[in-house]
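The lines below spell out each chain.
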Amino acid sequence: MVFRVSRLSRLVGAVTAATTVAFVAACGADDGGSDGDGTVTLEFAQWWGAELPAGEFDRIIDEFTAQNPNIEIELLSAPYASTKQQLLTGAASKTLPDVVGLDGAWVNDFAKQGAITDLSSLMAEADYDDSELASQIQIDGSTYMIPVVNFVYPLFVNKELLTEAGVADVPTTRGEFLDAATKISASGGDVKGWALPLDTAVPNGIQNDVMSWLWASGGSMLTADGKPNLTSPEVKDTVEYVKSLNDADVIAPGALTMKEQDKVEKFSNGQIGMMIDSLAHINLIRENQPDMEFEVAALPAADGYTGERGIPYASWGIGISDSSEHKAEAFKFVSYLMSQETNAQLSTIANGFPGNKNAEPDFGSSDPLFRTAFEIYQQGYPANEFVGLPKSEDLMRSFAEQLQLVLTGGTSVDDALAAAQENWSSVIE
Amino acid sequence: MTLTAPRASTRAAPAAPGRPRSTLARRLVPYGYLSPTVLLIVVLMVVPIVMVVGYSFRDNVIVQENSVFAGFANYTRVLTDPDFLAALRNTAVFISVSTVAHLVLGLTFAMMLNTQLLSGVTKAIFRIVYILPWLFTIAVIAVIWRLLFDPSGVVNYVLQTVGLVQQGVNWFGDPATALWAVTFVNIWSGYPFFMISLLAGLQGIPADLYEAAAVDGTNWWQRFRHVTLPQLRPVIVSMAVLDLIWTSHQFALIWMTTGGGPLNSTEMLSTFTYKQAFSEYEFATASAAAVIVLLLTMVLAFFYVRSQRER
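Reading guide: rules and limits
- Residues numbered from 1 in each chain as written.
- Chains lettered and ligands numbered in written order.
- Predicted model: local features only at pLDDT ≥ 70, side-chain atom pairs only at ≥ 80, totals over all residues.
- Heavy atoms only, no water.
- Helix = DSSP H or I, 4+ residues; strand = E, 2+ residues; numbered from the N terminus.
- Rg over C-alpha atoms; globule rule 2.2 N^0.38 Å.
- Buried < 20%, exposed > 50% of the residue type's maximum accessible area, 1.4 Å probe, protein only.
- Contact = heavy atoms within 4.5 Å.
- Areas by Shrake-Rupley, 256 points an atom, 1.4 Å probe, with all protein chains shown as cover.
- Lys, Arg positive; Asp, Glu negative; His and termini not counted.
- Charge placed at Lys NZ, Arg CZ, Asp CG, Glu CD.
- Arc of directions from axis to C-beta.
- Buried area = accessible area lost by both parts, 1.4 Å probe.
- Salt bridge = Lys/Arg side-chain N within 4 Å of Asp/Glu carboxyl O.
- Polar contact = N/O pair within 3.5 Å; in protein donor to acceptor, adjacent residues only side chain to side chain.
- Core = buried A, V, L, I, M, F, W, Y, C linked by side-chain atoms within 4.5 Å.
- Pairing = 2+ DSSP bridges.
- Axes fitted to C-alpha atoms, helices over the stretch in contact; angles between N-to-C directions.
- pLDDT = per-residue confidence, 0-100.
- Patch = residues over 30% accessible without salt bridge, like charges linked within 9 Å, V, L, I, M, F, W, Y side chains within 5 Å.
- Parallel < 35°, antiparallel > 145°, perpendicular 65-115°, else oblique.
- Left-handed = near helix turned anticlockwise from the far one by under 90°.
- Nonpolar A, V, L, I, M, F, W, Y, C, P; charged D, E, K, R; others polar.

Our focus in this paragraph is the overall build of chain B. Summing up its helical and strand segments, chain B has 13 helices and zero strands in all. Since a compact globule built from 311 residues should have a radius of gyration of about 19 Å, the 27 Å found for chain B marks it as more spread out than a globular shape. When its C-alpha atoms are laid out on the principal axes, chain B stretches across 95 × 75 × 30 Å. Taking all 311 residues of chain B together, 39% fall into the buried category. Counted over contacts in chain B with a minimum sequence separation of 6, partners at least 24 positions apart contribute 66%. A total accessible area of about 17,200 Å² is found for chain B, and carbon and sulfur atoms account for 69% of it. Averaged over its 19 positive side-chain charges, chain B has a centre that lies 21 Å from the centre of its 14 negative ones.

Below is the structure:
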């Protein structure tokens, strides 16, 4: 009996150890994403699928695989923040999925790291005509990201609050905006004219709610050769204008830790009269407040400015991993998403604007405000100078901290901009 | 035992030439069983820690393909960074106040649930109410308290109604109140674990001790000081040290309420490290900060292990 137990015990012990080793070996195995029958499987990591109506993105992918039976697409869908972290760690370990959804704010760092590949050479190899692309994000003259769908950030105005405050027209200049915001804030209760989310966890407020004022008046935060230019008169005017809104007490309280979703919630609840926000939130506001009467408009420009207005945007960009063994197939998939027909479909279901300049989103079943926004978009130009900058989130955060100091009286506008300029200069070489 | 040993030896005797190998195999059997656990520990704990320590001594790793050895430069950079020192200070305040409050609240509520003065039904209701904060995930807690602490939220409404404040306080958005606000929320979310552990400890104190103390003519306070506290001491020490370690790693609550702001007033070691890595892409300094946190935590772990040995 003892002998049997001992033998069995040894056997189980050996099998356990062997299984463990085999498991580890299996974990490290990689088939290179190619099946024995020649079918190539491309991994595509993105956050888009989670933000689209259920099944719609799968349908677009299925169309591609029907046209290209030798290419399979494995969708890796996760929320935006998770996708960012996963791609960052994947880039570090050279295990990025073949095709990656990109935010313009990540491109520079991924490209410098050698994690994403030079799309210009892939376009040349595939003899691809890039004249249809509305834009390409380039580093040192080479394309690393193609914006697939663009989401613009116009001014949202609660018409009821505006009318109650005695303001007939949606503001088109900074002066009119300050006047409208002051009147809305004076109407009583907890209502304020505007919201400024300066949360430093996700400091997008600097891009969407602060620099947008600069871009709307044709200004730039960079010099012609791409260096920081935060001490320029245009940037100073912008920050002073934001400070004047704060001094006039028209900004909803809690700005220093306010997040973008708080801003949308306050607008939906009628606690703020105006905000700068993504078009993607139109449906959300309609769902939460079906009776609310609101409009979208171009961002107010500096008084007297008559030029074209920049309108901030964010993109669902796409890139290809440098470590992918199937770059040609991956580019075939990218060019499919950028084709006139597919891109129009994708931008329609995403409620965004197409990255293919010949594609026309179908506004037939959309909220009429999307068409209004599209007209604003066509009249101006998409502006987002953070796209392609290194460590762009960090640049936003350091600017946000200086702006917080200004708004709390801790420093002057000049000193804050000088400090931000110094910080940015150490990052943007 | 006396039966099996001779049988084993008699069976082993004929196979004398193979005996050493058989003994070796027998000795390796336990390691065979342990191999999955050992492997998991190595893969999930030892390797990452060694890698992070290695990263902390190199030039900016991960984002640079050919990083070089940098000695203690990253540690010097981190330890002289005003933001790190502010984070260290904030973390010290956050964890010490949280732990003391967890202990006081947990003990108070545990004693309330252990008293003979309340009926079983009443205690069951209190037990459910007190345990509620522990049932929420950190994400839900952050959302709830962001709403409650909103300048136009419920807390300010109540305070204004009873005349304690004239205008809404910007709890999370004011540098003067933000650290105390997140500490309060952490206390709210964490005291039930203390309460449950201490309640278990209280229920384990023999009633004889209280009866003997009562016979000696002691009052409530004397019984609390000389019977309850000494009996709970091992639980209190263990819980306090563990809580200091857990709270020092608190990240989600800070990130989802204040993000370390405003103006770094709630920056903790965890948020500082995260920003270094995932915002500034400075993985080497993030690793150095993580190693410093590890060393600080190991000091606490040393006291925890020592307290456990004493038991």
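Still more to cover.
Right, let's talk about helix 6 (residues 138-148) of chain B for a bit. Listing the buried residues of helix 6 of chain B in full gives Ile141(B), Ala142(B), Trp145(B) and Arg146(B). Projected onto a plane normal to the axis of helix 6 of chain B, the buried residues spread over an arc of 130° and lie on a single side. Where helix 6 of chain B is buried, its residues meet helix 10 (260-268) of chain A together with helix 5 (120-135), helix 7 (154-161), helix 8 (178-203) and helix 11 (252-257) of chain B.

The subject of this paragraph is the interface of chain B and chain A. Facing the 41 residues of chain B at the interface are 42 residues of chain A. Carbon and sulfur atoms make up 58% of the area that chain B and chain A hide from each other, which totals about 3,300 Å². Together, Leu263(B), Phe278(B) and Tyr281(B) form the three largest contributors to the area buried by chain B at its contact with chain A, with a combined 18%. Along the contact surface separating chain B from chain A lie three salt bridges. Between Lys266(A) and Asp150(B) there is a salt bridge, with its nearest N and O atoms 3.3 Å apart. Put simply, chain B and chain A have 13 residue pairs in polar contact (both at pLDDT 80 or more) between them.

To continue, consider the nonpolar core. Taken as a class, soluble globular proteins show a tendency for nonpolar side chains to be buried jointly. Residues and elements named next belong to chain A. Within the largest apolar cluster, 84 residues are counted, with the highest numbers of intra-cluster contacts made by Trp48, Phe333 and Leu346. Here the element with the most residues in this core is strand 5 (residues 142-152); it accounts for seven residues. With sequence-adjacent residues up to four places away left out, Phe333 is seen in contact with Leu42, Phe44, Ile61, Phe64, Ile73 and Val99. Counting 56 residues, the second largest nonpolar core, distinct from the first, contains Leu196, Ile206, Leu214 and Ala297.

Residues and elements named next belong to chain A. Strand order in this open sheet of four strands is 7-8-6-9, and the pairing throughout is mixed. The strands lining the two open edges of the sheet, one partner per strand, are strand 7 (192-194) and strand 9 (294-297). The average undirected angle you get between the axes of adjacent strands in this sheet is 15°. As paired elements, strand 6 (residues 155-158) and strand 8 (residues 272-276) share three bridges and run antiparallel to each other. Counterpart to Phe156 in the pairing with strand 8 is Met275. Against the sheet, helix 7 (residues 174-185) makes contact with strand 6, strand 7 and strand 8, and its axis sits at roughly 155° relative to strand 7, the strand it touches most.

Let's shift gears to the pattern of salt bridges. Residues and elements named next belong to chain A. On inspection of all chains with the given rule, the structure shows 18 salt bridges over all chains. Lys183 is paired through a salt bridge with Asp179; the nearest N and O atoms lie 3.2 Å apart. Here Lys183 and its partner Asp179 are both found in helix 7, four residues apart, which amounts to about one turn of the helix. Judged by relative accessible area, which is 36%, Asp179 ranks as partly exposed.

This part covers the confidence of the model for chain B. All names here are of chain B. This prediction gives chain B a mean pLDDT of 88; 92% of its residues lie at or above 70. Throughout residues 1-13 the model reports pLDDT below 50, and contacts reaching past four residues in sequence, or to other chains, amount to three contacts. Scored as a whole, the predicted complex attains pTM 0.83, and scored at its interfaces, ipTM 0.80.

This part takes up the side chain of Ser197(B). Residues and elements named next belong to chain B. Structurally, Ser197 can be placed in helix 8. Within the local environment of Ser197, its side chain forms a polar contact with the backbone oxygen of Phe193, the two atoms lying 2.9 Å apart. Apart from the residues lying within four places of it in its own chain, the contact partners of Ser197 are Val235 and Met239.

Each regular strand shows side chains that alternate between the opposite faces of the sheet. Here seven bridges tie strand 1 (residues 40-46) of chain A to strand 2 (residues 71-77) of chain A, and the two strands are oriented parallel to one another. Opposite Thr41(A), over in strand 2 of chain A, you have Glu72(A) as the bridge partner.

Looking now at the pairing of strand 3 (residues 99-102) of chain A. Residues and elements named next belong to chain A. Because side chains alternate across strand 3, one face comprises the buried residues Val99 and Gly101, and the other comprises Val100 and Leu102, equally buried. Where strand 1 lies against strand 3, two bridges are found, and the strand directions are parallel. The residue of strand 3 that forms the bridge with Phe44 is Val99. Bridge analysis of strand 3 against strand 10 (residues 310-320) gives four bridges, and the strand direction is antiparallel. Residue pairing across strands places Val100 opposite Gly319, the latter belonging to strand 10.

Its place among the elements puts Trp48(A) in the loop between strand 1 and helix 2 (56-67). Considered as a pair, Trp48(A) and Trp316(A) are 268 residues apart in the sequence and their alpha carbons are 7.5 Å apart.

Attention shifts here to the side chain of Ser217(A). Checked against the element boundaries, Ser217(A) lands in the loop between helix 8 (205-216) and helix 9 (233-247). Setting aside residues no more than four positions away along its own chain, Ser217(A) makes contact with Arg174(A), Ala301(A), Ala302(A) and Tyr305(A).

A surface patch of like charges, here negative, comprises Glu160(A), Glu164(A), Asp291(A) and Glu293(A). If you trace the backbone, Glu160(A) turns up in helix 6 (residues 159-164).

This paragraph deals with the packing of helix 9 of chain A against helix 16 (residues 413-427) of chain A. Residue and element names in this part refer to chain A. Following both chains from N to C, one finds helix 9 and helix 16 inclined at 125°, their axes separated by 10 Å at the closest point. Considered as vectors, helix 9 and helix 16 are oriented oblique to each other. Crossing of helix 9 over helix 16 shows right-handed handedness. Together, Val235, Lys236, Val239, Glu240 and Lys243 of helix 9 and Val413, Asp414 and Leu417 of helix 16 make up the contact between the two elements. Grouping the amino acids of the contact of helix 9 with helix 16 by side-chain chemistry returns four nonpolar, no polar and four charged.

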